[in-house]
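The primary structure of each chain is shown beneath.
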Amino acid sequence: MKDREKGIRRPVFPSAGEVDRALELDDPEEVVTRLLDAKSRGELYPLYHRLRSLAPAHSTQVPGLPPGCFVLTRYRYVDQVARSSSAVNDPRTARVFDHDGTGQGAFYRVMSHAMLFLEKASHDRIRRLVYKAFTPVSVAPLRSLTEEVANELIDAVEHDGAMDFVEDFAYPLPLRAIMRLLGLPREAESTVEAWAWDFARAGDPMSATPEIITRGNAAAIGFHDFFDRVLEEKHRAPGDDLISALVTAEEEGGKLGREEAISTLILLIQAGHETTADLLGNAMIGLFRHPGELERLRTSKALLPKATEELLRYDASVQMSMRLVREEIDLDGTRMPEGSFAALSYGAANRDPEVFRDPDRLDLDRNPNHLAFSAGAYFCLGNSLARTEIQAALGVLFERLPAIRPEGEYFVQRWTARLRGPLELRVAWDSSASGS
Ligand code: HEM
């Protein structure tokens with residue numbers, strides 16, 4: 001399923017030279033071009049630092065972003081725009097997914113009903129309904145479901161002494177956990193996993209090829225029909241699960257339409273799957289690069305909640321989001337006019353030295369106020385689910401495989417610009433010393 005050529009080999013331990021090469025760039029346009037070129041840009045964070053020092057609210061003409069789009073790399077600016085009611089995700093933002101310009105592509109139709117891209121009033125209404133469905137009862141099983149899945153995945157590889165951390169652990173884990181939380185059948189896990197992969201690829205407009213778009217449309221149709229049937233069944237026989245709670249929300253005065261419910265379920269799968277998988281992969285790489293912190297986490301489970309926050313700051317899986325500016329916004333004299341776009345660079349904001357001392361150092365005691373989940377009206381709805389999953393997954397991992405280490409000198413980084421995570425990360429351990 002995983003298309004290996006869509007990744008680039010990267011060193012687990014990068015050389016200092018990569019930082020120097022970023023410092024040689026003096027034109028912010030060159031830096032943005034490199035930032036978007038996930039294939040050959042090298043280390044990401046030196047480029048953010050460079051752009052932030054050259055032009056922290058840079059209006060760009062680089063292809064791949066809307067003309068004039070302001071790329072924001074300073075924490076203060078990203079935070080201000082994320083919280084501003086003058087900057088929105090609206091249906092026009094979803095148009096980047098209307099790949100053939102007909103408005104008829106299945107992928108585009110699903111995205112145009114997803115809350116993220118609806119007009120403010122509809123967005124807020126659906127967000128409230130989904131929030132209501134995230135009741136303590138409906139989400140309580142998540143920690144134990146994640147631990148159950150993590151243990152199953154490690155059972156399958158423990159005696160091999162090695163695995164691909166992404167394919168064998170991080171990627172299947174959040175999808176299976178959320179599917180079990182949603183009360184979906186286990187037989188559907190591999191089909192949904194394949195759709196989720198194709199759907200996510202089509203969701204990165206900067207790297208989508210015609211083949212990716214075709215597969216994204218097929219995945220959207222598969223997802224749509226699957227959830228239509230599931231909603232029908234839950235409508236007839238509701239249970240204690242999250243989908244039943246959404247169905248109830250649908251029934252109360254018809255507040256959540258069928259298409260909206262389908263798009264919401266797809267969004268819950270999509271928004272919660274690769275983001276969490278990527279975060280786990282980024283977290284492992286960050287920890288391998290900071291062996292002292294890895295050792296502390298290995299030996300102290302109590303550190304997990306704080307460590308999760310720092311790992312989210314250190315290398316977030318959602319690097320960038322777009323906003324449409326509805327009314328002019330002023331950032332220290334840089335005016336973003338009505339109708340312009342802003343690219344909120346969460347990854348750059350989270351390493352801003354104005355806010356985080358020694359920002360390139362992973363410090364598990366930091367407990368940072370990061371922007372990995374954004375802020376304001378679109379603040380990640382699944383943040384507490386994600387936090388629970390990450391803590392549970394890392395807890396089981398270090399308990400079962402305390403001697404985990406990188407197997408080689410390289411891992412494979414996915415090309416995508418908006419989402420960030422490894423495609424392959426080989427890890428090993430001494431199987432006779434594993435923790436079970
Ligand atoms: C480490 C894991 C995760 C990260 C880094 C992450 C990050 C984000 C970010 C940055 C946004 C804002 C998007 C924007 O700025 O336009 C967002 C929105 C959202 N996230 Fe997450 N997320 C994660 C996990 C999850 C999970 C587990 C779920 C649910 C199961 C979820 C559901 C959502 C939804 C529904 C939205 C849209 C909210 C809205 O439109 O109001 N996310 N997430």
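Just above sits the structure.
A quick note: this is a predicted structure, and the numbers were derived from the prediction, not measured.

(A) Structural view of the site of the ligand. In the neighbourhood of the ligand, 26 residues make up the surrounding shell, with Gly 272, Thr 275, Ser 321, Cys 380 and Gly 382 lying closest. For the shell around the ligand, the elements supplying multiple residues, two or more each, are helix H15 (258-288) and helix H19 (383-400). Tallying contributions element by element places H15 first for the shell around the ligand, with seven residues.

(B) Quick peek at the sheet that holds strand S12 (residues 422-424). Strand order in the open sheet formed by three strands is S1-S11-S12, with antiparallel pairing between adjacent strands. Edge positions in the sheet fall to strand S1 (7-11) and S12, since each has one partner strand and no second. Averaged over all pairs of adjacent strands, the angle between strand axes in this sheet comes to 45°, irrespective of strand direction. Sheet topology note: the S1/strand S11 (residues 410-414) ladder contains five bridges and is antiparallel. Counted as the bridge partner of Arg 10 is Phe 411 from S11.

(C) Quick look at the pairing of strand S9 (residues 341-345). Most of S9 is tucked away: five of the five residues are buried. Judged by which residues are buried, S9 turns out to be covered on both faces: Phe 341, Ala 343 and Ser 345 on one side and Ala 342 and Leu 344 on the other are all buried. Note that strand S3 (residues 70-72) and S9 share three bridges and pair parallel. Bridge pairing in S9 places Phe 70 opposite Ala 342.

(D) Summary view of the nonpolar core. With 133 residues, the main nonpolar core has Leu 72, Val 78, Ala 342 and Ala 343 as its most contacted residues. Per-element tally for this core: the top contributor is H15, with 15 residues. Sequence-distant contacts of Leu 72, defined by excluding residues within four places in its chain, comprise Pro 56, Ala 57, Tyr 77, Val 78, Val 81, Ala 342, Ala 343, Leu 344 and Ser 345.

(E) Layout of the pairing of S11. Burial of S11 is extensive: four of the five residues sit out of reach of the surface. Pairing of S11 with S12, which is carried by two bridges, proceeds in the antiparallel orientation. Across the sheet, Val 412 pairs through a bridge with Glu 424, a residue of S12.

(F) Quick look at helix H13 (residues 210-236). Spanning 27 residues, H13 covers 39 Å between terminal C-alpha atoms, matching the ideal 39 Å at 1.5 Å per step. Of all the residues in H13, the buried ones are Ile 212, Ile 213, Arg 215, Gly 216, Asn 217, Ala 219, Ala 220, Phe 223, His 224, Phe 227, Val 230 and Lys 234.

(G) Fine view of unusual backbone geometry. With phi around 45°, Asp 332 is a residue other than glycine that occupies positive phi space. By the element assignment, Asp 332 lies in the loop between strand S7 (329-331) and strand S8 (334-336). Positive phi, normally seen in glycine, also occurs at Asn 367, with a value near 50°. Tracing the backbone through its elements, the reader meets Asn 367 in the loop between helix H18 (346-349) and H19.

(H) Summary view of the environment of Glu 158. Within the secondary structure, Glu 158 is located in the loop between helix H9 (142-157) and strand S5 (162-164). Note: C-alpha distance between Glu 158 and Glu 327 (169 residues apart in sequence) is 55 Å.

Calculation notes
- Residues numbered from 1 in each chain as written.
- Predicted model: local features only at pLDDT ≥ 70, side-chain atom pairs only at ≥ 80, totals over all residues.
- Near = placed C-beta within 6 Å.
- Helix = DSSP H or I, 4+ residues; strand = E, 2+ residues; numbered from the N terminus.
- Pairing = 2+ DSSP bridges.
- Axes fitted to C-alpha atoms, helices over the stretch in contact; angles between N-to-C directions.
- Buried ≥ 20, exposed ≤ 12 C-beta atoms within 10 Å, placed from the backbone.
- Core = buried A, V, L, I, M, F, W, Y, C linked by C-beta atoms within 7 Å.
- Contact = placed C-beta atoms within 7 Å.
- Expected span 1.5 Å × (residues − 1).

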